[in-house]
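Secondary and tertiary structure notes
Given next are the chains, with one letter for each unit.
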Amino acid sequence: MPELPEVETVVRGLQETIVGETLIDLEIPWEKAFSPDDAYDSLMGKTITTVSRRAKFIIIEFEKGALVVHLRMTGKLTPVYPEKHVTVILHFQSGNALYFQDMRKFGRMVYTDDPQNLLSHLGPEPLSAEFTPTLFWTMLKGRKQKLKPLLLDQTFLAGLGNIYVDEALFQAGIHPESKAGSIPWKNIQSLHGAIQSILSRSIEAQGTTILNFSHGDNLSGTFQTALQVYGRKDEPCIVCETAIKKIKLAQRGTHFCPGCQRMYL
DNA sequence: CGGCCATCCTGCACGC
DNA sequence: TGCGTGCAGGATGGCC
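Okay, so let's go over this structure. Keep in mind that what you see is a predicted model, and the values were worked out from it rather than measured. The numbers attached to residues start from 1 for each chain and follow its sequence in the written order. Written order determines the labels here, with chains lettered from A and ligands numbered from 1. Reporting of local features is limited, given that this is a predicted model, to residues whose pLDDT is at least 70; pairs of side-chain atoms are given and counted only at 80 or more, and all residues count toward the totals for whole chains, interfaces and linings. Only heavy atoms go into the side-chain values, all of them from the structure, while hydrogens and water stay out.

Things to note about the pairing of strand β4 (residues 57–62)
- Only protein chains enter the area calculation, which uses a 1.4 Å probe; residues under 20% of their type maximum are buried, those over 50% are exposed, and those in between are partly exposed. Working definition: helices are DSSP H or I runs of at least four residues, strands are E runs of at least two. Numbering for both runs from the N terminus. Counting buried positions along β4 gives five out of six residues, so the element sits mostly inside the fold.
- At least two bridges found by DSSP between two strands is the condition for calling them paired. Examined bridge by bridge, strand β3 (residues 48–54) and β4 share six bridges and lie antiparallel to one another. Looking at the pairing, R54 lines up with F57 of β4.
- Joining the antiparallel neighbours β3 and β4 is a turn of two residues, in which A55 adopts a positive phi near 55 degrees.
- Here five bridges tie β4 to strand β5 (residues 66–70), and the two strands are oriented antiparallel to one another.

Things to note about the environment of Q189
- Relative to the helices and strands, Q189 resides in helix α7 (residues 185–204).
- The class of Q189 is partly exposed, set by a relative accessible area of 34%.
- When the C-alpha atoms of Q189 and P5 are compared, they prove to be 22 Å apart, with 184 residues separating the residues in sequence.

Some details on the pattern of salt bridges
- By definition here, a salt bridge exists when the distance from a side-chain nitrogen of Lys or Arg to a carboxyl oxygen of Asp or Glu is within 4 Å. Applying the stated rule across the entire model yields eight salt bridges.
- For E8, the salt bridge identified is with R53, shortest N-O distance 2.6 Å. Within this pair, whereas E8 is found in helix α1 (residues 4–17), its partner R53 is found in strand β3, the two being separated by 45 residues in sequence.
- Judged by its relative accessible area of 14%, E8 falls in the buried class.
- Close ionic contact of E235 with R232 constitutes a salt bridge, the shortest N to O distance being 3.1 Å.
- Through salt bridges with shared partners, one network takes in E8, R12, R53, R54 and E125.

Some remarks on the sheet that holds strand β6 (residues 75–78)
- Reading across from one edge, β1-β7-β8-β6 is the order of the four strands in this open sheet, with antiparallel pairing throughout. Each having just a single partner strand, β1 (23–27) and β6 make up the two edges of the open sheet. Pairwise comparison of adjacent strand axes, ignoring direction, gives a mean angle of 15 degrees for this sheet.
- Sheet topology places strand β7 (residues 86–92) next to strand β8 (residues 97–102); five bridges connect them, and they run antiparallel. Bridging across to β8, H91 finds its partner in A97. Geometry is summarised by axes, namely lines fitted to C-alpha atoms with helices restricted to the contacting stretch, and by angles between N-to-C directions that run from 0 to 180 degrees.

A few points about the protein's contact with DNA strand C
- Of all residues adjacent to DNA strand C, which total 16 residues, the nearest are H70, R104, Y230, K248 and R252.
- Nearness here has a simple test: a residue counts as near a molecule or strand if at least one of its heavy atoms is within 4 Å of that partner. Sugar and phosphate atoms form 61% of the subset of DNA strand C atoms that lie within 4 Å of the protein.
- N or O atoms within 3.5 Å of each other form a polar contact, as long as, within protein, one can give a hydrogen and the other can take it, and as long as residues adjacent in sequence are counted only when both atoms are side-chain atoms. Here a phosphate oxygen of DNA strand C sits 3.3 Å away from a polar atom, N or O, in the side chain of K56.
- The separation between a phosphate oxygen of DNA strand C and a polar side-chain atom of K246 is 3.1 Å.
- Contributions of two or more residues to the surface near DNA strand C are made by β10 (245–249) and β11 (252–256).
- Here the residues of the surface near DNA strand C sort into four nonpolar, six polar and six charged. Ten residue types, Ala, Val, Leu, Ile, Met, Phe, Trp, Tyr, Cys and Pro, are classed as nonpolar, four, Asp, Glu, Lys and Arg, as charged, and the remainder, Gly among them, as polar.

Things to note about the nonpolar core
- Among the nonpolar cores identified, the biggest contains 31 residues, and F136, L147, L151 and L191 are the most heavily contacted of them.
- Here this core gets seven residues from one element, more than from any other, and that element is α7.
- In this description, contact between two residues means that some pair of their heavy atoms is separated by no more than 4.5 Å. When residues no more than four places from it in sequence are discounted, the contact partners of L151 are F136, F156, L157, L160, V165, L169 and L191.
- Nine residue types can take part in a nonpolar core, namely buried Ala, Val, Leu, Ile, Met, Phe, Trp, Tyr and Cys, and a core is a set of them joined through side-chain atoms within 4.5 Å. Judged by nonpolar contacts, the second largest core, of 27 residues, contains I60, V69, F92 and Y111.

Here's the deal with unusual backbone geometry
- For the bond from S35 to P36, the omega torsion is -10 degrees, close enough to zero to count as cis.
- Tracing the sequence through the fold places P36 in the loop between β2 (34–35) and α2 (40–43).
- The backbone of A250 sits at a positive phi, close to 55 degrees, despite the residue not being glycine.
- Considering the arrangement of structural elements, one finds A250 in the loop between β10 and β11.

This is the structure in structure tokens:
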């Protein structure tokens, strides 16, 4: 499933392939994937000027207006025609096309005149200069909820997904059920560092990073080898050999080491 | 406010 | 072998 680093990789690819393309047709085989349904006239004949990312959203900007895309679990944007699960197709004047393929059909593409406003509810970017340990401390201060659900809240911090939250909390030695406002300054610094290093290492590993854990899907690539708790239920912790525990937290599978990750209450 | 839950989807694992 | 059941998850919205 695409997390922030995968989305960043997709965006970098699109910057090379679709900027300058002019839209001449729009096909929507799966209607729920696209909104609003009267966007056709606004988009036709428009040329793509930039492609960027905000959290896990892809922003495809035209001369006027933008398509904002969220891949959710299984979405892909590809210039190569996929046989199955195509939800939206952009046809360009050049003869090229961009296919939105999405097996589970959770992904969405929205046309908007004002992408900034559409995404204004999002919290800070975890890799931005703005997101400092001091800011993180301010954000956590006084918060009473459990740490992991808060870290997954995109209005709190934008871009972290389930897998990387588990990994960051392990790396920082903090129990996912800790009370957010009770984390000591030193450990906030550790967590901040863990979040940034995991995300940036994963971006570096991009070409080969495939984090699709849904059951039988094979993990290929390099970053999987860096996963220390996610998907390792009952296996020994790589640090202390305690069996990795899996619980349900905020409706999400949550992996942690009871030996290494301390609970702050 | 915090913590639940359902919803959307499909493919795969598992048990019988 | 084959079938039914349950699980996985990002984000939103509703409920208590």
